[in-house]
Amino acid sequence: MRILVTGAGGLLAGALRQQATDGVELICLSHAEFDLTNASLMEQRLAELRPEVVINTAAYNAVDQCEVERDLSWAVNATGPQHLAELCAARDSRLVHFGTDYIFDGAQTTPYSEADAPNPINHYATGKLAGERAVLAASPRHLALRPSWIFGQHATKPRTYVHVILRQAIAGNVIRATTDQASVPTYAPDLARWTFALVQGGASGLFHTVNDEGLSRFEWTRVIVAEALDAGVLAKPIEVIPVTTAYFNPNIRRSPYNILSNQKLAAFLGETPGSWRRGLREMLRQPPWQPHTPPRDDD
Ligand SMILES: NC(=O)c1ccc[n+]([C@@H]2O[C@H](COP(=O)([O-])OP(=O)(O)OC[C@H]3O[C@@H](n4cnc5c(N)ncnc54)[C@H](OP(=O)(O)O)[C@@H]3O)[C@@H](O)[C@H]2O)c1
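Everything quoted here is computed from the prediction, not taken from an experiment.

Moving on, we get to the overall build of the chain. If you tally the helices and strands in the chain, you get 11 helices and 12 strands. Against the 2.2 N^0.38 benchmark of 19 Å for 299 residues, the chain shows a C-alpha radius of gyration of 19 Å, consistent with a compact globule. Out of the 299 residues in the chain, the part that is buried amounts to 44%.

Given 3.6 residues to a turn, an α-helix orients residues that are three or four positions apart in the same direction. Taking 1.5 Å per residue as the helical rise, helix α5 (residues 123-138) with its 16 residues ought to reach 22 Å, and the 23 Å between its terminal C-alpha atoms agrees with that figure. Taken across its 16 residues, α5 has 12 buried, putting it largely inside the fold. Of the surrounding secondary structure, the elements contacted by the buried residues of α5 are α3 (63-66), α4 (70-91), β4 (94-98) and β5 (143-146).

One way to put it is that α4 packs onto α5 with a least axis distance of 8 Å and a crossing angle of 10°. Between α4 and α5, the angle falls in the class roughly parallel. Across the interface between the two elements, Arg70, Ser73, Trp74, Asn77, Ala78, Pro81, Gln82, Ala85, Glu86 and Ala89 from α4 touch His123, Tyr124, Gly127, Lys128, Ala130, Gly131, Ala134, Val135 and Ala138 from α5. Classifying every residue of the contact of α4 with α5 gives 10 nonpolar, six polar and three charged.

Turning our eyes to something else, we now look at the sheet that holds strand β2 (residues 25-28). Across a sheet, paired strands are connected by hydrogen bonds in the backbone, their directions being either parallel or antiparallel. Ordered in space as β2-β1-β3-β4-β5-β10, the six strands form an open sheet in which the pairing is parallel. Every other strand in the sheet has two partners, leaving β2 and β10 (205-208) as the edge strands with one partner each. Across the sheet, the axes of successive neighbouring strands diverge by a mean angle of 20°, strand direction being ignored. Pairing between strand β1 (residues 2-6) and strand β3 (residues 53-56): four bridges, direction parallel. Bridge pairing links leucine 4 to valine 54 in β3. Here α4 sits on the sheet and contacts β3 and β4; the angle it forms with β4, its principal contact strand, is near 160°.

What counts, and where the lines are drawn
- Residues numbered from 1 in each chain as written.
- Predicted model: local features only at pLDDT ≥ 70, side-chain atom pairs only at ≥ 80, totals over all residues.
- Helix = DSSP H or I, 4+ residues; strand = E, 2+ residues; numbered from the N terminus.
- Rg over C-alpha atoms; globule rule 2.2 N^0.38 Å.
- Buried ≥ 20, exposed ≤ 12 C-beta atoms within 10 Å, placed from the backbone.
- Expected span 1.5 Å × (residues − 1).
- Contact = placed C-beta atoms within 7 Å.
- Axes fitted to C-alpha atoms, helices over the stretch in contact; angles between N-to-C directions.
- Parallel < 35°, antiparallel > 145°, perpendicular 65-115°, else oblique.
- Nonpolar A, V, L, I, M, F, W, Y, C, P; charged D, E, K, R; others polar.
- Pairing = 2+ DSSP bridges.

Following this line, the structure appears as structure tokens:
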């Protein structure tokens, strides 16, 4: 199966490259090679490469900056995926697109299912929802997957939340984390495996693609620190101070609760997607994290 992956320099694209199974020919194109804001370039590349499936990992992901660069972020997150979805439908290629958990307003206190109504509360989420809806409207064969809080290693851009926290902790800095945001950390290699399973299993429509175990950003940060201690990456405990979102940015609205249910994904896979804990432990035992003390191997 010939699959074109957009956003080749990103986190998920890297995981897709690592997890590609036998029988999959991956063609990964960078931002410059396949720009979502350039419909004629996309059309030309699709005609040249003739992929059976396109996996669109490209997005404008800087949530706060979306409020500033409103037009550009909309072009990448909403209009671009719409054009791509229409181009793919016209060529009979299936498109796999990624939405986000941020489309929910957080009024609910139990995990959101695919049937729950979105209500985006910032420009990033509004654009991502428009993109996702356009993709699903363009063809009944297209897939829209909603991950949340993706983390994992990346060859050149180590910048996920886990990296940020570990760098601060290793430097001995006090860490602050929000108690009023909750979601599900999702391990990029797991997400890549589920993506291939959904594609190869002929899935279409909307799926929540997250690991098990939602929690607050504050709790997630404490787990990262605790696991880093266990793995020997951190030499001594570091305090995590609870704060609210307004501490970091009083100007952006963020939903307090974005925990997604992965029951539909579990039913498709025939097994529970599993916790992010295994992925976090795996990540902490890979370069560049150096043990300062012998790791406590309790996997
Ligand atoms: N990361 C998360 O926690 C998270 C959570 C929920 C949903 N998602 C969604 O999951 C998907 C994958 O996320 P990710 O973490 O892998 O993202 P990422 O690491 O930020 O990668 C996104 C890629 O898109 C590229 N890009 C930006 N603008 C583009 C354009 N106009 N045309 C083509 N490429 C462009 C970027 O290239 P440059 O860097 O060169 O601009 C980057 O390589 C995205 O749809 C994202 O919205 C992510």
